[in-house]
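What follows is the residue order along each chain.
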Amino acid sequence: IDFDLILENVKDLNVLAGEGISQVEHTPGGARLRQPEPLPLTLYQNGIVMFNGPFRPYEDPATQQCLQDIMDGYFPSELQTRYPDGV
């Protein structure tokens, strides 16, 4: 696992997802600025935790696919069901 590549690609993906850019959210009687919700990802020596969920070891095929997507420069494909309209 190339941690340097993962960190570099996560930075790039954060920019694509609108990190630091506020969006207008319409409210009854007006509007307000809203920051996109962060997606927590913690890398450990032997696995990852995403969304404050369960620990996922690197040997798990789903974890390997998630990290491969990131290393290839894409958002993890497993997020498509959670974000069907994109990030």
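Reading the values: the criteria
Residues numbered from 1 in each chain as written. Predicted model: local features only at pLDDT ≥ 70, side-chain atom pairs only at ≥ 80, totals over all residues. Heavy atoms only, no water. Pairing = 2+ DSSP bridges. Helix = DSSP H or I, 4+ residues; strand = E, 2+ residues; numbered from the N terminus. Core = buried A, V, L, I, M, F, W, Y, C linked by side-chain atoms within 4.5 Å. Buried < 20%, exposed > 50% of the residue type's maximum accessible area, 1.4 Å probe, protein only. Phe/Tyr/Trp six-rings, centres within 6.5 Å; stacked < 30°, edge-to-face > 60°. Salt bridge = Lys/Arg side-chain N within 4 Å of Asp/Glu carboxyl O.

*Asks:* Give a detailed account of the sheet that holds strand S3 (residues 41–43), specifying residues and quantitative values.
*Replies:* If you walk across this open sheet you meet the three strands as S3-S4-S5, and the pairing is antiparallel. In this open sheet, the two edge strands, each paired with only one partner strand, are S3 and strand S5 (56–57). By the bridge criterion, two bridges tie strand S4 (residues 47–50) to S5 in an arrangement that is antiparallel. From the neighbouring strand, Ile48 faces S5, where its bridge partner is Arg56.

*Asks:* How would you sum up the nonpolar core? Please name residues and give values.
*Replies:* Residues Ile6, Ile48, Met50, Tyr58, Cys66, Leu67, Ile70, Met71 and Leu79 constitute the largest nonpolar core, which totals nine residues. At four residues, helix H2 (residues 61–71) tops the list of elements feeding residues into this core.

*Asks:* Please set out the pairing of strand S2 (residues 30–34) residue by residue, giving values where relevant.
*Replies:* Here strand S1 (residues 23–27) runs beside S2; their pairing, made up of five bridges, is antiparallel. Across the sheet, Thr27 pairs through a bridge with Gly30, a residue of S2. Taken together, S1 and the strand that follows it, S2, pair antiparallel across an intervening segment of two residues, in which Gly29 is found at a positive phi of about 85 degrees.

*Asks:* Any chance you could break down the packing of aromatic side chains for me, citing the residues and the numbers?
*Replies:* Counted by the stated rule, this structure contains two aromatic pairs. Here the aromatic rings of Tyr44 and Phe55 are separated by 6.1 Å at their centres, their planes lie at 55 degrees, and the arrangement is tilted. Here Tyr44 is found in the loop between S3 and S4, whereas its partner Phe55 is found in the loop between S4 and S5, with 11 residues between them in sequence. Given the relative accessible area of 40%, Tyr44 is considered partly exposed. Classification of Phe55 by relative accessible area gives partly exposed; the value is 41%.

*Asks:* Hey, could you go over the pattern of salt bridges for me, with residue numbers and the actual values?
*Replies:* Applying the stated criterion across every chain, the model contains three salt bridges. Of the charged contacts in the structure, one is a salt bridge between Glu25 and Arg34, with a shortest N-O distance of 3.5 Å. Here Glu25 falls in the partly exposed class, since its relative accessible area comes to 24%. The partly exposed category is assigned to Arg34, whose relative accessible area is 34%.

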